[in-house]
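So the chains spell out like this:
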Amino acid sequence: MNDWPEDGGHGRGSANSHPEGARRMRHVQRPQAPQQPPRYDQGYNQDQGYGQNQGYGQDQGYNPNFTQAQGSGYDSGYSSGQVYGGQPGGQQGGGGQGGGRGNVPPPYAPQGPGRPAPDWRKRAKVGSIVLVVGILAWGIGTYAWASSQMRNEVDLSKVIERPSEGDCTTYLIVGSDSREGMSAEEKKKLHTGSAAGKRTDSMMILAACSSGNTMVSLPRDSWVSIPSFVGSESGKQYPARGGSKLNAAYAMDGPELLVRTVEFNTGLRIDHYAEIGFAGFANIVDALGGVELNIEKGFKDKKSGADFAAGEQTLNGEQALAFVRTRYAFAESDLARTKNQQKFLSALANQAATPGTILNPFALYPTLGAGLDTLIVDKDMSLYDLGKMFFAMKGISGGDGKSMNIPISGKAPQNSLKWDMPKVKQLVSQIQNDEKVTVESR
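Structural notes, computed from the coordinates. (Residues numbered from 1 in each chain as written. Predicted model: local features only at pLDDT ≥ 70, side-chain atom pairs only at ≥ 80, totals over all residues. Heavy atoms only, no water.)

Here we come to the pairing of strand 5 (residues 200-208). Consecutive residues of a regular strand have side chains that alternate between opposite faces of the sheet. Most of strand 5 is tucked away: nine of the nine residues are buried. Of the pairings in the sheet, the one linking strand 4 (residues 169-176) to strand 5 comprises eight bridges and is antiparallel in character. Within the sheet, the bridge partner assigned to S176 lies in strand 5 and is T200. Both strand 5 and strand 6 (residues 213-217) contribute to a ladder of four bridges, which runs antiparallel. Bridged to M204 within strand 6 is S217. Between strand 5 and strand 6, which pair antiparallel in sequence order, lie four residues; one of them, G212, sits at a positive phi of approximately 135 degrees. (Buried < 20%, exposed > 50% of the residue type's maximum accessible area, 1.4 Å probe, protein only. Helix = DSSP H or I, 4+ residues; strand = E, 2+ residues; numbered from the N terminus. Pairing = 2+ DSSP bridges.)

Under the defined criterion, the tally for this structure stands at one disulfide. Put simply, C168 and C209 are joined by a disulfide, and their sulfur atoms are 2.0 Å apart. Given an S-S torsion of about 120 degrees, the disulfide between C168 and C209 has right-handed geometry. Taken together, the residues span a long stretch of sequence, with C168 in the loop between strand 3 (151-154) and strand 4 and C209 in the loop between strand 5 and strand 6 at a distance of 41 residues. Pair check on accessibility: C168 and C209 agree, each one buried. (Disulfide = S-S within 2.5 Å.)

Right, let's talk about the nonpolar core for a bit. Among the nonpolar cores identified, the biggest contains 46 residues, and L206, F323, F344, L348 and M389 are the most heavily contacted of them. Once residues within four sequence positions are removed from consideration, M389 is found in contact with Y171, I173, L206, A274 and M381. L172, V174, C209 and I270 belong to the second largest nonpolar core, which has 34 residues in total. (Core = buried A, V, L, I, M, F, W, Y, C linked by side-chain atoms within 4.5 Å. Contact = heavy atoms within 4.5 Å.)

The seven strands lie next to each other as 3-16-11-4-5-6-17, forming an open sheet whose pairing is mixed. The open sheet has two edge strands with one neighbour each: strand 3 and strand 17 (401-405). Sheet twist, expressed as the average angle between the axes of neighbouring strands with direction ignored, equals 25 degrees. One ladder, built from five bridges, connects strand 6 with strand 17; its direction is parallel. From the neighbouring strand, N213 faces strand 17, where its bridge partner is G401. Running over the sheet, helix 9 (residues 383-397) touches strand 4, strand 5, strand 6, strand 11 (272-276) and strand 17 and is turned about 85 degrees from strand 4. (Axes fitted to C-alpha atoms, helices over the stretch in contact; angles between N-to-C directions.)

So this is what it looks like as structure tokens:
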């Protein structure tokens, strides 16, 4: 039975010697397949032989009903059985004999999982850790280097008959007229002269207390008793001497006897000792780029080289040294000089102990290098203790504490200054007990 109309075509595989005409199904409209580039099936069909999807079969031969929709492309493997390069059983064809590519992904589809988005929180955490580690390494390295540069030369264990310890940490800060390491040109420039040896040019006690810091200047011309002592070099016992100027103790046996004399006359135990010479003082100021200071009244002094106008100004190393050494330009002589020394040291500490200096290697290293080369301290003083000393001085300039001269009651022999001992004892008691200092002096 055949519903196909005659169409004058020819078919193959009929038993009739005359091929029947081509037939077309009535009322059937085949959908048009999308246009695709031709695909070639070069595989061998085990049952049908070679075929290129042109309608050839083993028994049927040419099939005129094979449409463009069925032959729009060629498979790249065998059409049945084991397909070359594909899955067994014609899985790649997916459309029967000589089918298409089936579910193969598009040629430009991404293969595998996509690249994950960056984890910015993790990156920030790692970056913060690296930064902190770097800062710690730099800080530890700087501390170790600076500690190795300190000159821990004064042995306070050689001081005998010492007072009991108090509640505050006390420092004896000494400015010497040492010209160590200075050339003839530098001595001339800084107006230091060429005297041999060294003497104390300024002395002050700094008490770092929780109740407030106090800086007490000790005039070099103070009339004091020099007690018995053991020589720092010889180890011999020396008897006490009568009244003498305070700076004579330093000239006799250096820092150890000076500490012994201050403790004996005040009753205050000294915890640490720090001394700096002319060159080191000037170099520190220059390393900081100068120190800003307000000079209330201008003055001149040929001996120190001072020549200052009143007002705000920045002092370099040479000018700073002249400022703290001048005494003959003032009616109060040494008492006026000690006030200027306190004022300048507070300003110096205020500028040195700032983040701009401490956290800036280009400012910190030159400043430490300039100071530590000539700064002489006791053997128990660490870099941490030195830092506490500077911050205590800075606190005074910021209003946290007070600066004063040791109370004076009048003149003594050799044009020296006599201490007001009742007030001195009251002052020492307040420092020892960490009380706010209320004692006044001129």
